[in-house]
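# Overview (structure and organization)
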Amino acid sequence: MNAMTPVLWIDVGAVDDVPMQAARRVDTPRGPVAVFRTLNGELFALRDRCPHKGGPLSEGIVHGKAVACPLHNWSIDLESGEPKGADAGKGCAPPVKVRAENGRILLAAG
């Protein structure tokens, strides 16, 4: 998608459906996406697959702007999808564009 192509957004639920410091899994045509909500209410979205062993990031513990993979505790940055610390540079959980509008969560469809 280039800068001139408009983004198509899909409504995947209410912001309040995702508790603070938690995540919810959303099935999309491109596969499962984990939608995260931080303690200060920021929303992030990543493909729901840890780059290490494929663990479901939506089941991890959100801390700050990161999530701990439930399988091996890799810390994944919610903005970039990159592992943090000693595991940096070892793959990526691709980010998905997300925004809130009128209390609803919208994911980029493309």
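Below is a summary of the structure that appears in this document.

The rules behind these values
Residues numbered from 1 in each chain as written. Predicted model: local features only at pLDDT ≥ 70, side-chain atom pairs only at ≥ 80, totals over all residues. Heavy atoms only, no water. Buried < 20%, exposed > 50% of the residue type's maximum accessible area, 1.4 Å probe, protein only. Helix = DSSP H or I, 4+ residues; strand = E, 2+ residues; numbered from the N terminus. Pairing = 2+ DSSP bridges. Core = buried A, V, L, I, M, F, W, Y, C linked by side-chain atoms within 4.5 Å. Contact = heavy atoms within 4.5 Å. Salt bridge = Lys/Arg side-chain N within 4 Å of Asp/Glu carboxyl O.

### Here's the deal with the pairing of strand S3 (residues 31-37)
Judged by how many residues are buried, S3 sits mostly within the fold: six of seven residues are covered. Relative to S3, strand S2 (residues 22-28) is paired through seven bridges, and the arrangement is antiparallel. Opposite Thr28, over in S3, you have Gly31 as the bridge partner. Between S2 and S3, which follow one another and run antiparallel, lie two residues. Bridge count for S3 against strand S4 (residues 43-47) is five bridges, and the pairing is antiparallel. Counterpart to Val35 in the pairing with S4 is Ala45. Hairpin geometry of S3 and S4 is characterised by an intervening segment of five residues between the two adjacent antiparallel strands and by a positive phi of about 90 degrees at Gly41.

### Regarding the nonpolar core
Of all hydrophobic cores here, the largest spans 14 residues; its most connected members are Phe36, Leu46, Cys50, Leu57, Val67, Ile76 and Leu78. Sequence-distant contacts of Phe36, that is, excluding residues within four places in its chain, are made with Val18, Ala22, Ala23, Glu42, Leu43, Phe44, Leu46, Leu57, Val62, Val67 and Leu78.

### A few points about the pattern of salt bridges
Pairing between side chains of opposite charge can happen when the charged atoms of each approach one another. Under the counting rule described, the total for this entry stands at six salt bridges. Asp11 is paired through a salt bridge with Arg104; the nearest N and O atoms lie 2.9 Å apart. Separated by 93 residues along the polypeptide, Asp11 in strand S1 (residues 9-14) and Arg104 in strand S9 (residues 104-108) bring together distant segments of the chain. The partner of Asp16 in a salt bridge is Arg37, with the nearest N and O atoms 3.9 Å apart. Here Asp16, found in the loop between S1 and S2, pairs with Arg37, found in strand S3; they are 21 residues apart in sequence, far enough to count as distant. Among the residues examined, Asp16 registers a relative accessible area of 66% and is labelled exposed. A relative accessible area of 13% means that Arg37 is categorised as buried. Three or more residues are tied together by salt bridges with common partners; here these are Glu42, Lys65 and Glu79.

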